Amino acid sequence: MFVNFDWITLKEYKELEQGLEIVYGYGDTPFGKAILASTKRGVCFLAFNEDKEKLFFELEKSWLNALLVRDDAKIENELKSIFLDNKKVDIFVKGTNFQINVWKALLNIPDASVTTYQDIANSIDKPKAVRAVASAIGSNNIAYLIPCHRVIGKSGAMSGYRWGIDKKRIILAYEAMKDIDEKNK
C-alpha cells in the first residue's frame, strides 16, 4: 500500500481546528466494521469496532472542535479504494514531533513483516525511549494505514493493540496472504 504522509504539530492544530471540516462515515472492511474520517488533506482517523457510538466518540475526542460531517456513501467508496483497490492513500495526522517520527518509522515496516518496539526506537535514534515509542504507537488514530499492528513485543509475543489482539492477528494474516498472492503473480 502506498501512503502519502502529511502532518501538523499540536500547536499548528490549535490554530487550525476551528475551521477544520472532517467527513466521516461507517463501513465494512476485511476486518469488520470501521469508521473512517478524512479532511481535504487526507485520512485522519480509521478505527475498527462494531459499536458506532464508541467509534464516533473516539473520533470526536481526537479532533476536538472540528466540524464533523457524516457521509457514509463517500466513506464506503474510500474504504473500497483502500481495502479492495489498493489505491494510494493520503493520510493526515496531528501529533508531537516524537509521535510523528514514530508513525513515519511504522510506515517503513514492509508489508507482512513485524518488528519490535525496540527496533522502532532504534530506527528513530532514541534507543532508550522504548516506552515512549510504545505510547506513541498506542496513540495512533489511523489503524491499518499507519501499521502499528506490525509491532510486537521483544519476546515475539503479540502485545497491545488498541482494537484487540485478535484483530491484530487477523490483519497480519491478511497481509501475509496478500504478500503470498503478490509473489505468486
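Conventions we followed
- Residues numbered from 1 in each chain as written.
- Predicted model: local features only at pLDDT ≥ 70, side-chain atom pairs only at ≥ 80, totals over all residues.
- Heavy atoms only, no water.
- Buried < 20%, exposed > 50% of the residue type's maximum accessible area, 1.4 Å probe, protein only.
- Helix = DSSP H or I, 4+ residues; strand = E, 2+ residues; numbered from the N terminus.
- Pairing = 2+ DSSP bridges.
- Contact = heavy atoms within 4.5 Å.
- Polar contact = N/O pair within 3.5 Å; in protein donor to acceptor, adjacent residues only side chain to side chain.

Right, let's get into the pairing of strand 6 (residues 89–95). By the criterion of burial, strand 6 is predominantly enclosed, with 6 of the 7 residues buried. The pairing of strand 1 (residues 3–9) with strand 6 spans 7 bridges and is classified as parallel. If you follow Trp7 over to strand 6, its bridge partner there is Val93.

Take the pairing of strand 2 (residues 21–29) next. The buried fraction of strand 2 is high, at 7 of 9 residues. With 4 bridges connecting them, strand 2 and strand 5 (residues 67–70) associate as parallel partners. Residue pairing across strands places Val23 opposite Val69, the latter belonging to strand 5. Across 7 bridges, the pairing between strand 2 and strand 3 (residues 32–39) is antiparallel. Looking at strand 3, one finds that Asp28 is bridged to Lys33.

This part is about the environment of Arg41. Note on placement: Arg41 falls in the loop between strand 3 and strand 4 (42–48). Residues within four places of Arg41 in sequence aside, it is in contact with Asp6, Trp7, Ile8, Leu16, Asp90, Ile91 and Phe92. Within the structure, the side chain of Arg41 is placed 2.9 Å from the side chain of Asp6, a separation counted as a polar contact.

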